[in-house]
Amino acid sequence: MCETVQDLEDYIQYQFDDIASFKLAIFLSSGEIQVKFALGQVEQNLITSLTSISTSADKFSIGDIDFLRATPVNSNIVSKFAATNESSTPRIFVTEKNNNLFIVYCCGTTCDKDEPRVQMLMENLMI
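None of the values given here were measured: they were computed from a predicted structure. (Residues numbered from 1 in each chain as written. Predicted model: local features only at pLDDT ≥ 70, side-chain atom pairs only at ≥ 80, totals over all residues. Heavy atoms only, no water.)

### Examining the overall build of the chain
Within the chain, the secondary structure is distributed over three helices and seven strands. For a compact globule of 127 residues, the expected C-alpha radius of gyration is about 14 Å, and the chain comes in at 13 Å, within 12% of that figure. Looking at the chain residue by residue over its 127 residues, the buried ones come to 43%. Nonlocal contacts in the chain, meaning residues at least 24 apart in sequence, comprise 46% of its contacts between residues at least 6 apart. Accessible surface for the chain amounts to roughly 6900 Å². Of this, 46% is attributable to carbon and sulfur atoms. Side chains of the chain carry 9 positive and 17 negative charges; the gap between the two charge centres is 5 Å. (Helix = DSSP H or I, 4+ residues; strand = E, 2+ residues; numbered from the N terminus. Rg over C-alpha atoms; globule rule 2.2 N^0.38 Å. Buried < 20%, exposed > 50% of the residue type's maximum accessible area, 1.4 Å probe, protein only. Contact = heavy atoms within 4.5 Å. Areas by Shrake-Rupley, 256 points an atom, 1.4 Å probe, with all protein chains shown as cover. Lys, Arg positive; Asp, Glu negative; His and termini not counted. Charge placed at Lys NZ, Arg CZ, Asp CG, Glu CD.)

This is how it looks when you write it as C-alpha cells:
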C-alpha cells in the first residue's frame, strides 16, 4: 500500500485518470476520508452515499439509480455493484483491507472494457 496520503493521491491520479469511465475514487481509513479524487464535477450527495456503502450489502440506491451486487460476497478482493436500470451504466467497485476502504465510481460506455484494469489497480493498491 502507498506510504503517505500524497503517494495515494498520486497513485489514484496517475493510474486511474486515463481510464475513460473513471469518475471518482474515495479512500477512507477508519471511516475518515483520506483521499478524494474526481475527474470533473461530482455532486456531494454522491460522495456521501458512496462513503456509507456497506461492503456486505447486496443492494442499495444512490439517487434514482439502484445498484445490485454483481460479485458474490467474499469471492473477490474487489466487490462490484452494477446499476440495475438498463439505461444506466454506472459501476461501483469496493475493496476493504484492515480499516481501509477504497471505492471507485465509473460511468460511461466503456465500463465493461475498463473493469478488469480498475479491479487490478484497486487490488494492487490494497496489497
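### Some details on the sheet that holds strand E1 (residues 22-29)
Spatial strand order, E2-E1-E7-E6-E5-E4-E3: seven strands in an open sheet with antiparallel pairing. Each of the sheet's edge strands pairs with one partner strand only, and the pair in question is strand E2 (32-38) and strand E3 (59-62). On average, each strand axis in the sheet is tilted by 20° relative to the strand beside it, whichever way the strands run. On the sheet, helix H2 (residues 44-51) packs against E1, E2, E3, strand E6 (91-97) and strand E7 (100-106) and is oriented at approximately 50° with respect to E1. Contacts from helix H3 (residues 111-126) reach E1, strand E5 (79-83), E6 and E7 within the one sheet, and its direction differs from that of E6 by about 15°. (Pairing = 2+ DSSP bridges. Axes fitted to C-alpha atoms, helices over the stretch in contact; angles between N-to-C directions.)

### Quick look at the pairing of strand E4 (residues 65-69)
Alternating positions in E4 separate cleanly, Ile65, Phe67 and Arg69 being buried on one face and Asp66 and Leu68 remaining unburied on the opposite face. By the bridge criterion, four bridges tie E3 to E4 in an arrangement that is antiparallel. Directly across from Ile62, in E4, lies its bridge partner Ile65. Taking the residues between adjacent antiparallel strands as the criterion, E3 and E4 are bridged by two residues, where Gly63 takes a positive phi near 60°. In this sheet, E5 lies alongside E4 in antiparallel orientation, the contact comprising three bridges. For Phe67, the partnering residue across the bridge sits in E5 and is Ala83.

### Some words on H2
Among the residues making up H2, those that are buried are Leu46, Ile47 and Leu50. One side of H2 carries all its buried residues, which in axial view fall inside an arc of 100°. On its buried face, H2 is in contact with E1, E2, E3, E6 and E7. (Arc of directions from axis to C-beta.)

### Overview of the environment of Pro90
For Pro90, the position within the fold is in the loop between E5 and E6. Between the C-alpha atom of Pro90 and that of Tyr105, which follows or precedes it by 15 residues, the distance is 7.2 Å. Once you skip the residues sitting within four places of it in the chain, Pro90 turns out to touch Ile65, Phe67, Phe81, Ala82, Ala83, Tyr105, Cys106 and Cys107.

### Some thoughts on H3
With 16 residues, H3 should cover 22 Å at 1.5 Å per step; its first-to-last C-alpha distance of 21 Å lies within 8% of that length. All of the buried residues along H3 are Cys111, Asp114, Glu115, Val118, Gln119, Leu121, Met122, Leu125 and Met126. At its buried positions, H3 is contacted by helix H1 (5-16), E1, E5, E6 and E7. (Expected span 1.5 Å × (residues − 1).)

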